[in-house]
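Spelled out from the first residue to the last, the chains are:
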Amino acid sequence: MPVSTRDFQYQRRASRVAIETLAAITENITRLNDVSFDDEDNSHRSSVSSVTNNMTINLETQTKHTNISRLKNLLFKNYRWKMSHYFYIHLMFFIFNGLFGGLIIFLIENYSSFPNPYMVVTYIDAWFMCVSTICSCGLSTLDFAQLSRASQSAMMIFAFLSGFAISTLPALIIKTRTHKTTHGINVDNDNENDDDQENYELELSKRHSNENLSSHIRDELARLPKPEELRYRAYIMCIVLILGLFLTINIIGLLIIGIWLQTHANQEYLMQNNTTLNPWYVASMLTLFSFNQNGLAPFSTGLTRFVDDIFLNIIIILLVISGSSFFPIILRNVVFLLRRLVPWRHKVIFDYILLNNHHLSTLLYPTLQTRIYFVVTLVLYLMSITISLILDLQSKNLQQYTPNIRIMIFLFQTINLRFCGFQTFDISLFSTATLLVYLLLMATKPQMLCALDESPFEIYWLTLEAQAQVNDETNLSKSLPQKLQRAMSMVPGAHTDALVFNQIHHFLRRQSLITKKLAKKELFRNVDNNSKHSKRIKSLRLRLFLIHFIRALFKHTFDFFLLTRTWLFVFIFLICAFEYHRMAPTDPHITLLKIIFEIISAFGGVGMSLGYPNKATSFASVLSTGSKVLLIVTMLMGRHRGLLASMKDQEVIKYNAIKLLIRRREEYIFECQKSRMPDKIDSQMDNSSMVTHL
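This report concerns the structure included in the present document. (Residues numbered from 1 in each chain as written. Predicted model: local features only at pLDDT ≥ 70, side-chain atom pairs only at ≥ 80, totals over all residues. Heavy atoms only, no water.)

## Details of the overall build of the protein chain
When helices and strands are tallied, the protein chain shows 24 helices and 2 strands. By the burial criterion, 45% of the 694 residues in the protein chain qualify as buried. Here the contacts in the protein chain between residues at least 6 apart in sequence split such that 77% fall between residues at least 24 apart. Entry remark: accessible area of the protein chain is about 36,900 Å², with carbon and sulfur atoms responsible for 62%. (Helix = DSSP H or I, 4+ residues; strand = E, 2+ residues; numbered from the N terminus. Buried < 20%, exposed > 50% of the residue type's maximum accessible area, 1.4 Å probe, protein only. Contact = heavy atoms within 4.5 Å. Areas by Shrake-Rupley, 256 points an atom, 1.4 Å probe, with all protein chains shown as cover.)

Here it is as structure tokens:
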């Protein structure tokens with residue numbers, strides 16, 4: 001129970017009375033023993049009073065500490081840290097960084113020793129620029145090239161700390177600290193049981209006593225890590241790999257762009273405000289803002305001056321896709337490669353990483369989902385490039401460029417349209433149909449396909465196999481399929497529905513039931529032949545998985561349009577309400593299409609904008625303060641979409657460390673026994689030949 005102020009005063013008063021009573025008794029005893037020594041008695045009184053005061057102070061301090069500890073136990077007794085709490089910390093961190101970073105830029109540009117001579121910087125614009133940087137968006141209400149070097153450097157630091165790769169490290173560090181020992185805070189279900197380690201050691205001792213293992217095998221098995229060591233090393237390895245891959249890609253990109261600009265770029269290509277920029281400064285900025293998808297350039301005209309530099313465009317494209325679409329693919333392949341290269345006792349660490357994937361880090365996807373993500377991303381890129389070539393290849397605005405440069409423009413804008421916001425050409429000059437395709441690409445997030453759960457499909461298939469075996473053992477193969485067929489034919493909602501979505505849903509459901517029925521018959525037919533991997537069964541398994549995947553894709557697509565369309569529509573409506581007195585026909589350059597394009601770009605974290613005439617900034621720069629605040633909120637919501645679900649996934653570990661270690665031990669023992677079998681056979685053959693000879 002909490003200790004009130006009145007109880008605390010009663011305790012202090014009682015303790016003080018007890019101490020004074022004890023001091024009085026001591027003083028009386030001293031007087032009886034030493035009556036004649038007055039000076040010594042006075043000194044003794046002072047010493048007793050000082051001791052009394054010290055005891056009182058110590059007792060009060062102990063009482064305060066006791067009350068504080070009781071209060072902590074009362075408030076945090078039932079509290080348990082969860083990785084979903086990290087989502088709110090991450091969101092608060094981004095909000096604080098936006099406000100604080102905007103204040104820094106505002107003070108530097110207005111109140112430093114060298115105020116900005118090119119433009120007036122308001123706090124709302126500085127805040128907008130900082131939020132756009134930390135959200136990896138790229139929309140700008142200020143000309144980034146006109147800012148001072150100090151402001152540019154501060155925004156580069158914010159971009160580095162808030163990138164998709166670096167911002168995932170704090171969550172990994174938290175889990176690493178909690179997994180360093182088996183005691184303390186549990187952030188997932190891998191080590192929440194205290195008896196796991198004891199059960200593991202007991203099981204190992206039983207296996208050692210039952211198995212006839214050589215000393216060499218026992219020594220090798222003893223070199224495997226313990227469960228807590230496996231978890232700790234797996235998270236450390238994730239941190240090292242993500243940070244190492246980030247630094248490797250950025251250093252390579254910096255060297256390539258820096259050497260190319262220094263040796264091949266003309267001086268006018270590096271001019272800004274009548275001064276020539278250092279090529280390595282430009283290279284560092286392009287590398288960082290390309291990999292982190294910020295879309296900011298040190299030139300007022302963006303990257304339009306490099307439209308004919310095919311080599312530089314290709315390097316920037318590779319940096320953009322390496323930091324966004326292909327980073328999970330590269331990371332998973334690096335883990336696969338290292339697993340092949342490391343000694344056998346360390347392979348279990350990489351098995352733990354690969355099997356648990358997104359349950360450890362948001363940058364790791366399962367194998368199948370990674371392939372789906374890669375294919376869908378390529379399809380989106382090819383679709384956008386194809387539509388752009390069909391509609392705008394012969395556009396009069398592109399006649400000044402050669403066909404090769406036009407194709408490079410479409411390729412560059414398509415790649416940057418997914419995540420980054422670089423422009424080598426004014427995309428507002430493209431056709432309306434192309435811009436609508438760009439809207440679709442900016443709003444689409446292929447990462448949602450990586451949330452596809454294979455568990456229902458695996459459960460379906462394992463259930464079919466088990467039921468086929470049960471039917472074979474119980475001889476119910478004749479009556480049960482008829483009942484199942486009769487039950488499966490009674491699909492609810494099979495009647496004609498006016499809604500197209502319901503019709504598609506029922507069609508896929510029927511196809512799934514039919515495929516499961518066929519697979520059940522095929523499995524029962526071949527259950528005695530042990531031919532589960534026949535071509536017919538493989539084709540049915542593939543068909544069932546495709547149906548499951550299409551149903552999941554349909555569900556995610558429908559949920560995407562249903563859940564995100566509402567609040568985006570509200571924001572678009574509010575911006576139109578704020579700007580109604582300035583929109584067309586009052587100002588023909590402020591249109592509904594530009595507003596929708598801007599808010600979708602902010603939500604997708606792209607930074608692409610249709611712009612405004614005679615403005616080097618985004619279209620948002622001409623909007624009112626209320627509209628800019630709505631765009632800031634949109635960027636924050638777009639940056640954190642899906643993060644809460646990812647953090648909840650990290651609270652559940654599918655393949656715990658103990659089971660992986662036991663499986664690894666069994667595999668090693670089996671391999672050793674398998675390698676010793678030929679020697680035993682040879683020795684038996686030699687013995688038999690000797691007996692025959694005798």
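Structure's up, so let's keep going.
## So, the packing of helix 10 (residues 279-291) against helix 11 (residues 310-323)
Put simply, helix 10 and helix 11 touch, their axes get as near as 7 Å, and they point 40 degrees apart. Relative to helix 11, the element helix 10 lies oblique. The residues of helix 11 that touch helix 10, namely those facing Thr287, Ser290 and Phe291, are Ile316, Leu319, Val320, Ser322 and Gly323. Partitioning the contact of helix 10 with helix 11 into residue classes produces 4 nonpolar, 4 polar and no charged. (Axes fitted to C-alpha atoms, helices over the stretch in contact; angles between N-to-C directions. Parallel < 35°, antiparallel > 145°, perpendicular 65-115°, else oblique. Nonpolar A, V, L, I, M, F, W, Y, C, P; charged D, E, K, R; others polar.)

## Let's talk about the side chain of Asn116
Here Asn116 is to be found in the loop between helix 3 (84-111) and helix 4 (123-134). Since its relative accessible area comes to 12%, Asn116 is described here as buried. Here the side chain of Asn116 touches Tyr118 through a polar contact of 2.9 Å, landing on its backbone nitrogen. From its side chain, Asn116 meets the backbone oxygen of Gln146 in a polar contact 3.1 Å long. Dropping the residues within four chain positions of it, Asn116 is found in contact with Glu109, Gln146, Leu147 and Ser148. (Polar contact = N/O pair within 3.5 Å; in protein donor to acceptor, adjacent residues only side chain to side chain.)

## So, the pattern of salt bridges
Across all of its chains, the model carries 6 salt bridges by this definition. Between Glu667 and Arg663 there is a salt bridge, with its nearest N and O atoms 3.8 Å apart. Here the residue Glu667 and the residue Arg663 both occupy positions in helix 24 (residues 657-693), the gap between them amounting to 4 residues, near one helical turn. We classify Glu667 as partly exposed; its relative accessible area is 31%. Residue class for Arg663 comes out partly exposed when judged on its relative accessible area of 37%. (Salt bridge = Lys/Arg side-chain N within 4 Å of Asp/Glu carboxyl O.)

## Regarding unusual backbone geometry
Leaving glycine aside, a negative phi is the common case for residues, and trans is the common case for peptide bonds. Phi at Ser136 is positive, roughly 55 degrees, even though this residue is not glycine. Of note, Ser136 is situated in the loop between helix 4 and helix 5 (149-161). Residue Ser136 is classed as buried on the basis of its relative accessible area, which comes to 1%.

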